[in-house]
Structures are given as C-alpha cells and as structure tokens.
Amino acid sequence: MGTVSAIGTAVRGQRGRVAALFDDLARCGRTDPGFTRASYSPEESAAHGVVTRCAAALGLAIGRDAAANTTLTLPGRDRSLPPILIGSHLDTVAHGGNFDGAAGVVAGLAAVAALRELGLTPARDITVMGIRAEESVWFQVSYIGSRAALGTLPDGALDAARIDSGLSIAAHIAREGGDPEVLRSGPPALDAAAIHAFLEVHIEQAPSLEEAGIPVGLCTGIPGNVRYPDVRIVGRYDHVGTPRRFRRDAALAGAEIALALDRVWAEREAAGCPMAVTFGRFHTDAAAHGLTTVPGEFRFSLDMRAYAAEVLSALEAAFLAAVTDVSERRGVTVALGPRAEAGVGAVSPRIRDGLAAAADALGIATRPLGSPASHDAAAFAKAGVPMAMLFVRNANGSHNPDEAMAIDDLLDAVAILTTWLAAETCAG
C-alpha cells in the first residue's frame, strides 16, 4: 500500500476516537440551547482536560504555559528543530456549537494518532495546541491565548474585564491555573522565529463549501479587524412633538453613521473588494427611551474587517469621517471609546500549495476559500510564523447550536493535514 493510501486508511481508523472526543467535549458547558464554554472558565478548562486525557493515552508530552494554553507534543527525531504547531481554541460564544474551534484541536490529535499508527516519526516536534480565549466576545480582546503565548498582547489587555463576571483577564487566567505575572514580565512561551509552521483546521463559517458540494476549503487569507466595542452618542432628550430643526436625535445619528458605512461597503464590494461591517450592538438606553421621547443617548459596537491593511485603514477613515460629519450636522457628541485591532493573516503560499498537492494525491475535492472570520492562525501569521488553514464544510454557519459538520468531512481535512505532515517532516 502506498504512503498516501496508508495515511488515508489510518485517518479513517481514527473515526471512533474523533467521535468520542466530540462526545466528551459536548459534556463541557452544555446549555439550552448549545454550549457555553466562556473564555477562562471552568467549562473551557474542562474541555482542555478532555484533550489532555486523549493526548496522555497517545503518549504525547503534555505542557501548559502561563496563559493556560495546553500543548500536546509528539517528539521529533531532532528536538532542536523548530516545531510544527497545529491548533485552535476550545472556548465558545454563549450558546454556540461544539465544533467551532474544537474541531481544529481534535483534527490535530487525529493527525498525530495516524502518524503514530503508521510508525512515522517526524524529524521535528509536532505540537497540538489547545488555545485559550479566542472568542473575543467575552473580553472584547482578540486572540488572547495565542497572543499571550507569542508575547504580542497589547498593553493593558490583561486588565480587560469579562462581560459577565466583571473580573479581569488576569484574574480569570489565575483562576484557571495560569500565571498572569509571568505574562506581564517574563519571556513569551513561544518564539515566533523558532516555529516552523502553524496550521489550523476550522469549520467554515458561511456555507460556501456546502453550496459548492465540496468537503474542504484551502484558506486564502484571514481578515484583519478594527473594533470599537462601545461607541456612545449623546444628543438631547426631547418631547416627541419637538420640530426636526430643534432636535439632537442620538438614535438617528447612529443610524446615519451606520448607513454611511454600509454605502462604503456596498461600493467596495461591487468593485470586487471583500470586507465586512457589523454593528453588533445598536440601541437606545432602555432605562430612558420611550414611545414619546426623542432619544438623547445611543450606543453601538462596530467591527470592521478586510483582507488588506490598506483597505482596513480606508474603511476606518470612512467611519471616522462619517462620525465627524454626522456629529456636526446633528449637534451630537460621539465618544468612540476603546479601540482594538488585529492584523491581517497572510497564508503561506508554500504550505497552501503543499496542502493542495496532498488533497490531489488523496483524491479529495477542495476549493480556495477566504475566511470571513478571525482565527488564532492570524495571530501567528502577524508574528511572522508561516501559516495555513483548512476549512471543513458546515451547512449552518458557526457561533450557533446548529453547527453541522460531518465527521467524514473532518477526516478528509485530517487526511490532507496528515499527508502534508508526512511529506514535510516524516520522510527519510
């Protein structure tokens, strides 16, 4: 049996292990509906315990860094060589699904298990990484676990409060067994210059693969983002009978800013420039608004993302210009509040081409696919680590209880990943 055929067979043999892992993960943070494994919560820690027990059964070396990220390592022949990292996150949004993030950690373990079954020892370490706190909804900070490991967290990030508990990232890290003081003052756990590659498997987050009838996508890039999580517009509360010329309507000011940015999005998209603009929170003050009251206060959150830094910069400039224009014309004050950003994640053409060749050798259909969402892989790419991603078909999107990944589709991605690993580091 050829090496590629043997890898395909070995990966299919991991089906029971993969299904059992997802069953065990489903017991961590089950809610009604879906699953809630908040960043740096006991439920997220329980999920890390699940993958750690699997790694122990496979005889992998188990580690944990100061950010409480989990590392599960298959030692290579030369442990001084830069390792290959395969990973994703184990936290979820509130009432999310069981596959977003977790599928990437399970895929890494399945790939390593297949290599072991085939008796293939890599030339360098292969480390599966269970990453903490990727879902920025909880702390409104992107890529906490991966950037903490790489030493690239922005200043003050450890002081950000979780939206439900009000406790800081640092406090939650300490509660879950990490050491925030090491993160503040010590060297990073990972040296980006000493990592051979980072690969991440993830469910697709819009049903492009489902629509095309293709099981696996080859990532072409991860968008960067700029976020304003708490913009506050202050106008003046007035009686509903107040003529328009006297009003300082905060709600209409917010609507006008949103529509101005939506027009920019529509124009750029029509010109073939992909981006996304999301006003996730968009509301008046429930304690003061009413049917017969002109809104004097309005709040929104804004997430802007694009695949090129210059496009993202232009999009932010359009937003700030709209804020200036609307605030002057409507007589309102706009307080932008905190700003956060994450860089564009560029995919390594060499690794992407290698994954495409592996898929061709296996006879697995793939297609190029830009990521509509942010991923830990982008933090590694931003730090200079060669990066690539595989997406797995998913009919119902992500961040919801109805994520619909098929185990066989995930195993297709694992087979591609394992074939690439064997060609990259197990030859000779």
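This is a predicted model, so every value here is computed, not measured.

For strand E5 (residues 197–203), the tally of buried residues reaches 7 of 7 residues, placing the bulk of the element in the interior. A two-sided burial pattern is seen for E5, the buried positions comprising Ala197, Leu199, Val201 and Ile203 on one face and Phe198, Glu200 and His202 on the other. In this structure, E5 lies alongside strand E16 (residues 387–392), joined through 6 bridges in parallel fashion. Residue His202 lies in a different strand from E16, and its bridge partner there is Phe391.

What follows is about the state of the cysteines. Each disulfide consists of one covalent bond between the sulfur atoms belonging to two cysteines. By the definition in use, this model includes 0 disulfides. Of all cysteine sulfurs in the structure, the one in Cys54 sits closest to Cys28, which takes part in no disulfide; the separation is 13 Å. On the basis of relative accessibility, which here comes to 6%, the residue Cys28 falls in the buried class. Cysteine Cys219 is unpaired, with the sulfur of Cys273 as its nearest cysteine sulfur at 17 Å. Note on Cys219: relative accessible area 1%, which makes it buried.

For the rest of this paragraph, the subject is the side chain of Glu316. Relative to the assigned elements, Glu316 resides in helix H10 (residues 309–330). The residues contacting Glu316, other than those within four sequence positions of it, are Val226, Tyr228, Met304 and Arg339.

One pass over the structure, following the stated rule, counts 8 aromatic pairs. With centroids separated by 5.8 Å and ring planes inclined at 70°, the aromatic side chains of Phe279 and Phe282 adopt a geometry described as edge-to-face. Its relative accessible area of 37% is what places Phe282 among the partly exposed residues. Centroid distance Phe282 to Phe300: 6.3 Å. Interplanar angle 45°. Geometry classified as tilted. Taken together, the residues span a long stretch of sequence, with Phe282 in strand E10 (residues 282–284) and Phe300 in strand E12 (residues 297–306) at a distance of 18 residues. Taking relative accessible area as the criterion, Phe300 reaches 0% and is therefore assigned buried. By way of ring pairs, the aromatic residues Tyr228, Phe279, Phe282, Phe298, Phe300 and Phe319 are connected into one cluster.

This next bit is on the packing of helix H1 (residues 3–12) against helix H13 (residues 407–425). In the contact formed by H1 and H13, the axes pass within 9 Å of each other and the chain directions differ by 140°. Considering the angle they form, H1 stands oblique to H13. For the crossing formed where H1 meets H13, the hand is right-handed. Here Val4, Ile7, Val11 and Arg12 of H1 come into contact with H13, specifically with Asp408, Leu411, Asp412, Val414, Ala415, Thr418, Thr419 and Ala422. Here the contact of H1 with H13 is built from residues that sort into 7 nonpolar, 2 polar and 3 charged.

To continue, consider the packing of helix H2 (residues 15–25) against helix H4 (residues 102–117). Where H2 contacts H4, the axes come no closer than 10 Å and their chain directions differ by 145°. The crossing of H2 and H4 is right-handed. Here Arg17, Val18, Leu21, Phe22 and Leu25 of H2 come into contact with H4, specifically with Ala102, Ala103, Val106, Leu109, Ala110 and Ala113. Broken down by class, the residue content of the contact of H2 with H4 amounts to 10 nonpolar, no polar and 1 charged.

Scoring rules and cut-offs
- Residues numbered from 1 in each chain as written.
- Predicted model: local features only at pLDDT ≥ 70, side-chain atom pairs only at ≥ 80, totals over all residues.
- Heavy atoms only, no water.
- Buried < 20%, exposed > 50% of the residue type's maximum accessible area, 1.4 Å probe, protein only.
- Helix = DSSP H or I, 4+ residues; strand = E, 2+ residues; numbered from the N terminus.
- Pairing = 2+ DSSP bridges.
- Disulfide = S-S within 2.5 Å.
- Contact = heavy atoms within 4.5 Å.
- Phe/Tyr/Trp six-rings, centres within 6.5 Å; stacked < 30°, edge-to-face > 60°.
- Axes fitted to C-alpha atoms, helices over the stretch in contact; angles between N-to-C directions.
- Parallel < 35°, antiparallel > 145°, perpendicular 65-115°, else oblique.
- Left-handed = near helix turned anticlockwise from the far one by under 90°.
- Nonpolar A, V, L, I, M, F, W, Y, C, P; charged D, E, K, R; others polar.

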